[in-house]
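# Inside the fold
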Amino acid sequence: MELSREAYQLIIRNVSSRSDLCSLARVSKSFQNAAERALYNTLFMDDPELTVELCDTLSAGDLRATFVDALTIFVTSSADRDDEDQQSNGLPGEYWNRLAAALRRMTRLRFFNLHIDHNPSYAWILSGCIFKLHSFHCDLAWDANLVKFLNTQDKLRDLYLADYASTTPPTSQPEGETVLPVIPPATVTLHPDSLRALSTIECSFIDAISALVPGRPVVRVKTCFSREDALEKTAELLNLGTSLRRSSMRVCSLDLADGSYTEDFSLTMLNEVARRLPELRYLGTLVLPVGLERLQFFGLLMRLRRLCAIELEVSEWVPAPTPQAMRALASELRLYCPSVKCMVFVREFERTTVRVVNGFCAVEPDPGTSTDNLWRDV
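Residue positions are given per chain, counting from 1 as you read along its sequence in written order. Selection of residues for local features in this predicted model requires a pLDDT of at least 70, selection of side-chain atom pairs for listing and counting requires 80 or more, and totals for whole chains, interfaces and linings are taken over all residues. Note that water and hydrogens are dropped before the side-chain values are worked out from all heavy atoms of the structure.

### Thoughts on the pairing of strand 9 (residues 282–287)
Operational definition: Note on classification: 1.4 Å probe, protein chains only; a residue is buried when its accessible area is under 20% of the maximum for its type, exposed when over 50%, partly exposed between these limits. Going along the chain from the N terminus, every DSSP run of H or I of four or more residues is numbered as a helix, and every run of E of two or more is numbered as a strand. By definition, the crossover connecting two strands over a helix is right-handed if that path, from the first strand to the second, turns clockwise as seen with the strands pointing away from the viewer. By definition, two strands form a pair when at least two bridges between them are found by DSSP.
Counted residue by residue, strand 9 has six buried out of six residues, so it is predominantly covered. Chirality of the crossover, the property in question, places the unit of strand 8 (residues 253–257), helix 9 (residues 263–276) and strand 9 among those that are right-handed. Here strand 9 pairs with strand 10 (residues 309–313) via four bridges, running parallel. Bridging from a neighbouring strand, L283 pairs with I310 of strand 10. Following the chain from strand 9 across helix 10 (residues 293–301) to the adjacent parallel strand 10, one finds a crossover that is right-handed.

If you want it as structure tokens, here you go:
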């Protein structure tokens, strides 16, 4: 007896093991269709040989590639791979061509994470792709091929960029592979009407933030200063503040890292942020002053009336504050800024989270709880 499509989907939703899904796919044609939709919905590829085999399967011409909704690929080089059919970086021959062919078949892909630990100049693999991404983690080099692809992504909401440059040399092509022609960078620029849905952007290049935010509905930003000199950092800060004010939506989250945290510059940064972005709900990372400057710090913080989460650097405190001391500091901060419900104290590589529970500050009981994405969650 043939079941309804909804019945097959209900059965598949209650199967958590991928091996069980593979078994169901061999029961009947109807089960195969439902099981393959679940199997290929979310793919994680980290083994080069298996990645190539899967890409060949997706490129075969059937509907499997259209089932892919989320794709994560880790491309790692391996010094001990020296087979004749492998490239010098340890990847199987024709790796990038076969990946590109599979991507062109994934017409419904929405979430794409591409992690590369070596030469990332492979944005040409996106040529000919028609999917509309919602989220894109991109370790690719910033070149004309990547810019041309981003110009087509009118549904992209969340973007991570590992690289950014106004101009770059031509994209390198893997030796021995036949690839699409590289577009000279000067012939393509990011169109001002592109990325109209972009709301979250992460890039360590502060120039990328200044270029991509204006005119777009960006509300969450993570970046870092590229300069070490205080005057040059101040200039970067002013330029960033101007760019963030030009977002078509009010920025609510700003994670701004620094190579060298100081009390003086944190006060400068907080003053500029409070003046430019009074609607912030998350702010990080600022040095919490040790002495009387802390009152000035709290005074500036009072301007951020909607702030609910903040990250504070305390690596220079001597002696180092204990969890009990951090709880006391959190209570002191809330006297001036009662809207804050979560405070993360950063000392070297250790992070201690203090949250407000039933009106009282409490240290997070599980030290393993990650707060790395707190700036995304507020």
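Having put the structure on the table, let's press on.
### A word on a nonpolar patch on the surface
Rule in force here: Nonpolar side chains (Val, Leu, Ile, Met, Phe, Trp, Tyr) within 5 Å and like charges within 9 Å form the patches, drawn only from residues with over 30% relative accessible area and no salt bridge. Shrake-Rupley sampling with a 1.4 Å probe provides the accessible areas, and residues are treated as covered by the protein chains on show and by no other component. A carboxyl oxygen of Asp or Glu within 4 Å of a side-chain nitrogen of Lys or Arg is what we treat as a salt bridge.
Taken together, the side chains of L292, L295, M302, L335 and Y336 define a hydrophobic patch exposed on the protein surface, amounting to about 550 Å² of accessible area. Secondary-structure assignment places Y336 in helix 11 (residues 323–336). Among the residues examined, Y336 registers a relative accessible area of 30% and is labelled partly exposed.

### Concerning the environment of F349
Positionally, F349 belongs in the loop between strand 11 (342–347) and strand 12 (350–357). Of the residues examined, F349 reaches a relative accessible area of 82% and is grouped as exposed. When the C-alpha atoms of F349 and S315 are compared, they prove to be 9.1 Å apart, with 34 residues separating the residues in sequence.

### Quick notes on helix 2 (residues 18–25)
We apply this condition: Along the arc lie the directions from the helix axis toward the C-beta atoms.
Within helix 2, burial applies to L21, L24 and A25. In a view along the axis of helix 2, the buried residues occupy a sector of 100°, so they form one face of it.

### Describing the packing of aromatic side chains
Cut-off, in case you're wondering: Here a pair means two rings of Phe, Tyr or Trp (six-membered ring of Trp) with centres within 6.5 Å. Their orientation is stacked below 30 degrees between planes, edge-to-face above 60, and tilted elsewhere.
Scanning all chains against the criterion turns up 10 aromatic pairs. Ring geometry for F44 and F74: centres 5.5 Å apart, planes at 50°, overall tilted. Residue F44 is located in strand 1 (residues 42–45), and its partner F74 is located in strand 2 (residues 70–75); the two are separated by 30 residues in the primary sequence. A relative accessible area of 55% means that F44 is categorised as exposed. Looking at F74, the relative accessible area reads 31%, which means it is partly exposed. Both rings, one in F136 and one in F149, keep their centres 5.7 Å apart while their planes meet at 75°; by these two values the pair is edge-to-face. With F136 in strand 4 (residues 135–138) and F149 in helix 6 (residues 144–150), this pair connects stretches of sequence that are 13 residues apart.

### So, the side chain of S266
Heads up, the condition is: Side-chain atoms alone can form a polar contact between residues adjacent in sequence; in general such a contact is a pair of N or O atoms within 3.5 Å, and within protein one must be able to donate a hydrogen while the other accepts it. Any two residues whose heavy atoms approach within 4.5 Å are treated as being in contact.
Inspection of the secondary structure puts S266 in helix 9. A polar contact of 2.9 Å, which involves the side chain of S266, links it to the backbone nitrogen of V287. Contacts of S266, omitting those with residues within four sequence positions, involve L286 and V287.

### Looking at the pairing of strand 13 (residues 360–363)
When strand 12 meets strand 13, the two strands line up antiparallel, connected through four bridges. Opposite V357, over in strand 13, you have F360 as the bridge partner. Connecting strand 12 to the next strand, strand 13, in antiparallel fashion are two residues, including N358 with a positive phi near 55°.

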